[in-house]
Protein chains: 2
Amino acid sequence: MTLQPIWIAGRWQAEPSPEGDIQSYNPRTGETLEARFPISGEATVQAALLAGSEAAEKLRATDPERIAVFLERCADNLESRADSLVESAHLETGLPIEPRLRNVELPRTVGQLRQAAAAARERSFSEPRIDTKNDIRSMRGPLGGPVAVFGPNNFPFAFNAVMGGDFAAAIAGGNPVIAKAHPGQLTTTRLLAEAAAEAIEHSGLPAATVQLIYALPAEEGLDLVAHPRIAATAFTGSRRAGLALKASADRAGKPIYLELSAVNPLFILPGALRERGAAIAKELSASCTMGAGQFCTKPGISILPEGPTADAFIAELKAGLEAGPSGALFGPGSAANISESLASWVSHGATVLTGGQPKGPGFGFQNTLASVSGSRFVEHSKALQTEAFGPVHLVVLATGAEQMTAIANALHGSLTGAIYSDRQGEDELLARMIEPRLRQRVGRLLNDKMPTGVAVSPAMNHGGPFPSTGHPGFTAVGIPASIARFTALYCYDQVRPERLPPELGDQNPTGRMWRSIDGAWSQGDVSR
Amino acid sequence: MTLQPIWIAGRWQAEPSPEGDIQSYNPRTGETLEARFPISGEATVQAALLAGSEAAEKLRATDPERIAVFLERCADNLESRADSLVESAHLETGLPIEPRLRNVELPRTVGQLRQAAAAARERSFSEPRIDTKNDIRSMRGPLGGPVAVFGPNNFPFAFNAVMGGDFAAAIAGGNPVIAKAHPGQLTTTRLLAEAAAEAIEHSGLPAATVQLIYALPAEEGLDLVAHPRIAATAFTGSRRAGLALKASADRAGKPIYLELSAVNPLFILPGALRERGAAIAKELSASCTMGAGQFCTKPGISILPEGPTADAFIAELKAGLEAGPSGALFGPGSAANISESLASWVSHGATVLTGGQPKGPGFGFQNTLASVSGSRFVEHSKALQTEAFGPVHLVVLATGAEQMTAIANALHGSLTGAIYSDRQGEDELLARMIEPRLRQRVGRLLNDKMPTGVAVSPAMNHGGPFPSTGHPGFTAVGIPASIARFTALYCYDQVRPERLPPELGDQNPTGRMWRSIDGAWSQGDVSR
């Protein structure tokens, strides 16, 4: 069977010298899917970088309206091609067509693209600052080269290297994208790229604004993110792969934005446990099994005070998990990875209360609950924070307030952290002990709410301290903030007015863009 | 002679186990100054990190008003102690007392501190974003640990690890500082720390909000920036030292902000050269010799079209440099470093037109001009962009517009880049060829102006693409943007109103803070 074409410099073409090939799987059956995709080598990486650099130069001279039209057309194309897209994503990921793929993830992806289009048009994301006294003006501008985007396994649309959040943010910021498909979504990514190709033609953007490679040998991936022509990289995936790319990019002084694993701790305080333990257990088991537990924001551990109320909670949670839905894991190695994490937990004092085994048909793992004492957790906090990427949860039983605080102090950086407390104020003192510790260890702090949902909000932070990401100041979700990752700070010092970019002229070019003029935010013109 | 005390955990104390000691120099005479300062070891680093972590926790619970009062008191103390400070800085750096130290740099430093105080009080730097529909609120908050600040040799006040720009930004953002003095400014830094100590007492901030170490063995510096307790690092200095620290911090996933060397290219277009070559030559020689050429933003190379007009320009520039002021270099190794860079230029085709030799008394170097052909520059662009940190300038003679463009393409990342063009529009086409290439290679783009002055403006970018800094999106000068480096993105998802930080409550706590409420910037309250 012939290999699927790669998409380089605006042309769908056979990989000139494939270094082997790969196929996706049907996770529900474990069968290998038919379509074969090439592993690209150095020559293709170089060609993509060259074309991407040229596209970056052209994009800088392109009316942002075209970028907005492109992103909107991408959104339209996802809607008009929804049937084939959800069918393909369902086949490759095992995620249910309804509601997940068709009614939740695809609309979310469409919404992200439209928000990015609106941002590209309205341009407040460029954060213009004008100092009229010194005649110094600055804004966020494109990075000056292509952005490499590595998509994850768990969102075939919303975080796909083509059409996903990083893609939308990089392009809204004026940067071309070199997409590296996830091996579990090869056909879906090809279909998305075809939709993007049509949108490029429709909008008249440079042909190499988007390029697609399916697979790379590890060393080529490391070279790509460190190449002089690359502007930046966005990676969502495993800690091991992410840290290897980070080391390579860092050595070359290239920005890299990572979204890695996280345990997303949940503190359930004694009053809340008494007041509504059963309801929280139900929420938690639903949150843990959603998408077979393969969410970056899945709550991986909960910390609660030991005792009879906790025992009742655990029984409820166990029952919920046992009765809960069981979904497919994404890849042939997923169950083994979970088993490995679980074995590490057990060897450091955890007990498996239910589940704990791979299950078929296809790639699956039992919904699993384990527990461990607070003292063991504090003692072996690293091993017990090994992520188990699947429907698996660890309950940490603390002896009391003091130990809960010690556990909070032992937590590593996570995307989210939640505190459940009672409504009568009984938990308030303890909540105020835990909150500052949790605050500095997570990107998003929640109260009385599971972290699994990630709203596309301008106030969202889908980010967090290392090792959940590479920098605590950036978010991968939420426009305009996610665009800022793919911008450089452009300052103009007494640059002649006719040479200033439109964003920095005296007149507000869109009439709606927010600019900070002499320290005051305004949608108006510079007054003379 | 006894060693000067270090300042750890609020106490001036003898270094418990010094690993040797260091002294500053009088650069005007080359003599070693008397005071001896200890090289600190691991125990002191650990003690500083522990105290700094505790201070970070306390600072988070401190009314920002106290931080503002601290920064203001720092400013006041600099003014009231100006005599001893400028005397010490003059002795240690050789910079003239007037106007440089007393009338320019000290007032600038005082101004920065007052701006930082105003920002800490008014709090717009925290960039609150409120999404009322989803009840998600976010802001920039402190990093949760101490920030290590390594000061450079060239600004004993404005960029000093104590009282300089990074110090002011880190503390305004709510983070304690562990300052590492520059070896050339040991007594000055001690005096600044004494002024800070008084301000801590006055304002009631945690005692370890500022700590001071004078010197560290290289491996201890690498450990400090990668330590689990450190929150981030700011370093201004040489490329070699900076990149070593960066590698260590990167491996540990710790943010590090670098300001390294830069050549700050200047394009002088043919029309400008004809129109006002002599005036530009005068400007340029003044800019190159200011502070003996030891500015991060000193124009290191200029690119101009060869021919008789260029010859006249070079003659003017040469005369200007020969007649120009000669200042002391900061350290005993400075002249040797310049000689080394110059030797590398010469071995790659450059010719020394004037100067080129160290000169005494003390540490000095002749004002130096070299030139090289455009073709050589393009061919050996790396060697010819080796920084010569002193009163040294390289003219690159291009054969025409095409080669000027090729030279622009060969430039590495710099803090600044300038284009001089004529007033009649003759240079416009060429300026528009060069501008986009220069734009993506520099942080601050200037027209018809030397880059040496760095205004403390909210629109300033004192930053730029690697290797001039470690990330193109951040600035080291300009409030509030410089504070953002020392913040994490704090998101609150349905957090109970009484637990929200004041910045994110419905009511605007200062009545002046700008917040983005549902996408619109406002100084008002959230309307219900």
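About the cut-offs
- Residues numbered from 1 in each chain as written.
- Chains lettered and ligands numbered in written order.
- Predicted model: local features only at pLDDT ≥ 70, side-chain atom pairs only at ≥ 80, totals over all residues.
- Heavy atoms only, no water.
- Helix = DSSP H or I, 4+ residues; strand = E, 2+ residues; numbered from the N terminus.
- Rg over C-alpha atoms; globule rule 2.2 N^0.38 Å.
- Buried < 20%, exposed > 50% of the residue type's maximum accessible area, 1.4 Å probe, protein only.
- Salt bridge = Lys/Arg side-chain N within 4 Å of Asp/Glu carboxyl O.
- Least-squares fit on C-alpha atoms with pLDDT ≥ 70 in both.
- Contact = heavy atoms within 4.5 Å.
- Pairing = 2+ DSSP bridges.
- Axes fitted to C-alpha atoms, helices over the stretch in contact; angles between N-to-C directions.
- Expected span 1.5 Å × (residues − 1).
- Bend = angle between axes of the 7 residues up to and from the residue.
- Buried area = accessible area lost by both parts, 1.4 Å probe.
- Polar contact = N/O pair within 3.5 Å; in protein donor to acceptor, adjacent residues only side chain to side chain.
- pLDDT = per-residue confidence, 0-100.
- Core = buried A, V, L, I, M, F, W, Y, C linked by side-chain atoms within 4.5 Å.
- Phe/Tyr/Trp six-rings, centres within 6.5 Å; stacked < 30°, edge-to-face > 60°.
- Lys NZ or Arg CZ within 6 Å of the ring centre and 35° of its normal.
- Disulfide = S-S within 2.5 Å.
- Parallel < 35°, antiparallel > 145°, perpendicular 65-115°, else oblique.
- Left-handed = near helix turned anticlockwise from the far one by under 90°.

1. Re the overall build of chain A
In terms of regular secondary structure, chain A is built from 15 helices and 23 strands. The globule rule puts the C-alpha radius of gyration for 528 residues at 24 Å, and the 24 Å found for chain A is close to it. For the C-alpha atoms alone, the extent of chain A along its principal axes is close to 75 × 65 × 40 Å. Looking at the 528 residues of chain A, the share that counts as buried comes to 63%.

2. With respect to the pattern of salt bridges
Residues and elements named next belong to chain A. Scanning all chains against the criterion turns up 54 salt bridges over all chains. R36 is the salt-bridge partner of D21, the closest N and O atoms lying 2.8 Å from each other. With D21 in strand 3 (residues 21-22) and R36 in the loop between strand 5 (31-32) and strand 6 (37-38), this residue pair connects regions lying 15 residues apart in the sequence. You can call D21 partly exposed: its relative accessible area is 33%.

3. Overview of the relation of the copies chain A and chain B
Between the two copies of the chain lies a relationship made up of a rotation around an axis and a movement along it. For the match of chain A to chain B, the screw axis carries a shift of 0.0 Å, the RMSD comes to 0.0 Å, and the turn is 180°. Considering both components of the superposition, the chain copies are consistent with a two-fold axis. The fraction of interface residues of chain A whose copies in chain B are also interface residues reaches 99%, indicating that both copies meet through the same surface.

4. What to know about the sheet that holds strand 7 (residues 129-131) of chain B
Sheet architecture is open: 12 strands sit in the order 16(A)-17(A)-18(A)-15(A)-14(A)-19(A)-20(A)-21(B)-8(B)-7(B)-22(B)-23(B), paired in mixed fashion. Of all strands in the sheet, those bounded by a partner on one side alone are strand 16 (351-354) of chain A together with strand 23 (520-522) of chain B. Within the sheet, the average angular offset between the axes of one strand and its neighbour, ignoring direction, is 25°. The strands that helix 11 (residues 334-347) of chain A touches are strand 16, strand 17 (368-373) and strand 18 (392-398) of chain A; relative to strand 18 of chain A, the one it contacts most, it runs at about 15°.

5. Focus: the environment of R100 of chain B
All names here are of chain B. Relative to the elements of secondary structure, R100 occurs in helix 4 (residues 97-122). In this structure R100 comes out as buried when scored by relative accessible area, which is 11%. Taking the C-alpha atoms as reference, R100 lies 9.6 Å from M290; in sequence the two are 190 residues apart. The residues touching R100, leaving out its near neighbours within four places in the chain, are L95, E105, N154, F155, P156, G291 and F295.

6. As for the sheet that holds strand 15 (residues 301-305) of chain B
Strand order in the open sheet formed by 12 strands is 23(A)-22(A)-7(A)-8(A)-21(A)-20(B)-19(B)-14(B)-15(B)-18(B)-17(B)-16(B), with mixed pairing between adjacent strands. The open sheet terminates on both sides in strands that have one partner only, identified here as strand 23 (520-522) of chain A together with strand 16 (351-354) of chain B. Between one strand axis and the next, the sheet turns by 25° as a mean value, whatever way the strands run. Two elements, strand 22 (residues 515-517) of chain A and strand 23 of chain A, share 3 bridges in a ladder whose sense is antiparallel. When the sheet's bridge partners are listed, I517 of chain A is paired in strand 23 of chain A with A520 of chain A.

7. Brief notes about helix 9 (residues 270-289) of chain A
Residue and element names in this part refer to chain A. In a regular helix each residue adds 1.5 Å, so 20 residues correspond to 28 Å; helix 9 covers only 24 Å between its end C-alpha atoms and thus falls short of that length. R276 marks where helix 9 bends most, by close to 95°. Residues G271, A272, L273, R276, G277, I280, A281, L284, S285, S287, C288 and T289 constitute the buried set of helix 9. On its buried side, helix 9 packs onto strand 14 (266-268), strand 15 (301-305), helix 10 (308-323), strand 18 and strand 19 (414-420). Downstream of helix 9 by a residue or two, G291 has a phi angle that is positive, lying close to 55°.

8. Remarks on the interface of chain A and chain B
Between chain A and chain B, the residue contacts involve 67 residues of the former and 66 residues of the latter. Here chain A and chain B share an interface that buries about 5700 Å² over both sides, 48% of which is from carbon and sulfur atoms. Per-residue buried area on chain A facing chain B is highest for L489, R496 and R499 of chain A; these three make up 12% of the total on that side. Across the contact surface, chain A and chain B share 10 salt bridges. Linking chain A with chain B are 48 residue pairs in polar contact (both at pLDDT 80 or more).

9. Observations regarding the confidence of the model for chain A
When pLDDT is averaged along chain A, the result is 97; 100% of the residues meet or exceed 70. Among the prediction metrics, the complex's ipTM stands at 0.97, with pTM recorded as 0.97.

10. Let's talk about the side chain of R499 of chain A
Tracing the sequence through the fold places R499 of chain A in the loop between strand 21 (487-493) and strand 22. Given a relative accessible area of 10%, R499 of chain A falls into the buried group. Of the polar contacts made by the side chain of R499 of chain A, one reaches the side chain of E428 of chain B; its length is 3.0 Å. If we skip the residues at most four places from it in the chain, R499 of chain A touches S421, E428, A431, R432 and N447 of chain B.

11. Description of the nonpolar core
If you look at the biggest cluster of nonpolar residues, it comprises 258 residues, and the most contacted ones within it are F70, M163 and F267 of chain A together with F70, M163 and F267 of chain B. Ignoring sequence-local partners within four residues, the contact set of F70 of chain B consists of F167, I171, A196, A199, I200, S203, L205 and V210 of chain B.

12. Re the pairing of strand 8 (residues 136-142) of chain B
Residues and elements named next belong to chain B. Of all 7 residues that make up strand 8, 7 are buried, and the element is covered over most of its length. Pairing of strand 7 with strand 8, which is carried by 3 bridges, proceeds in the antiparallel orientation. Residue pairing across strands places I130 opposite R137, the latter belonging to strand 8. Between the end of strand 7 and the start of strand 8, which pair antiparallel, lie 4 residues, with D135 showing a positive phi angle near 50°. Pairing analysis gives 7 bridges linking strand 8 to strand 21 (residues 487-493), with the strands arranged antiparallel. Bridge pairing links P142 to T487 in strand 21.

13. Some thoughts on unusual backbone geometry
Residue and element names in this part refer to chain B. Cis rather than trans, the peptide bond between E98 and P99 has omega equal to 5°. By the element assignment, P99 lies in helix 4. Note that the residue after G360, namely P361, is joined by a cis bond; omega there is 0°. Of note, P361 is situated in the loop between strand 16 and strand 17 (368-373). If you check the backbone angles, D518 has positive phi at about 50° while not being a glycine. Considering the arrangement of structural elements, one finds D518 in the loop between strand 22 (515-517) and strand 23.

14. A word on the packing of aromatic side chains
Counting across every chain of the model gives 20 aromatic pairs over all chains. Linked through ring pairs, Y257, F474 and F486 of chain A together with Y257, F474 and F486 of chain B together constitute an aromatic cluster. Taking NZ or CZ as reference, R100 of chain B lies 4.6 Å from the ring centre of F155 of chain B, over its face. The side chain of R485 of chain B reaches across the aromatic face of Y257 of chain B, ending 5.9 Å from its centre.

15. Observations regarding helix 8 (residues 239-251) of chain A
Look at helix 8 of chain A: 18 Å from first C-alpha to last across 13 residues, which is about the 18 Å you get at 1.5 Å a residue. Where helix 8 of chain A is concerned, the buried positions are G242, L245, K246, S248, A249 and D250 of chain A. In this fold, the buried residues of helix 8 of chain A make contact with strand 9 (147-150), helix 7 (218-226), strand 12 (232-236) and strand 13 (256-259) of chain A together with helix 8 (239-251) of chain B. Directly beyond the C-terminal end of helix 8 of chain A, a positive phi value near 70° is found at G253 of chain A.

16. Brief notes about the side chain of T62 of chain B
Residue and element names in this part refer to chain B. Position of T62 among the secondary structure elements: in the loop between helix 1 (42-60) and helix 2 (64-80). At 2.7 Å, the side chain of T62 forms a polar contact with the backbone oxygen of K58. Excluding its chain neighbours within four sequence positions, the residues that come into contact with T62 are L205 and P206.

17. Quick look at the state of the cysteines
By definition, a disulfide links two cysteine residues through a covalent bond between their sulfur atoms. Residues and elements named next belong to chain B. According to the stated counting rule, one finds 0 disulfides over all chains in the structure shown. Free of any disulfide, C288 has its nearest neighbouring cysteine sulfur in C296, separated by 14 Å. For C288, a relative accessible area of 0% puts it in the buried group.

18. Quick notes on the packing of helix 9 (residues 270-289) of chain B against helix 10 (residues 308-323) of chain B
All names here are of chain B. At a minimum axis distance of 8 Å, the contact between helix 9 and helix 10 shows a crossing angle of 30°. On the basis of the axis angle, helix 9 is roughly parallel to helix 10. Between helix 9 and helix 10 lies a crossing whose hand is right-handed. Contacts between helix 9 and helix 10 involve L273, R274, G277, A278, I280, A281, L284, S285, C288 and T289 on the former and, on the latter, T309, A310, F313, E316, L317, G320 and L321.

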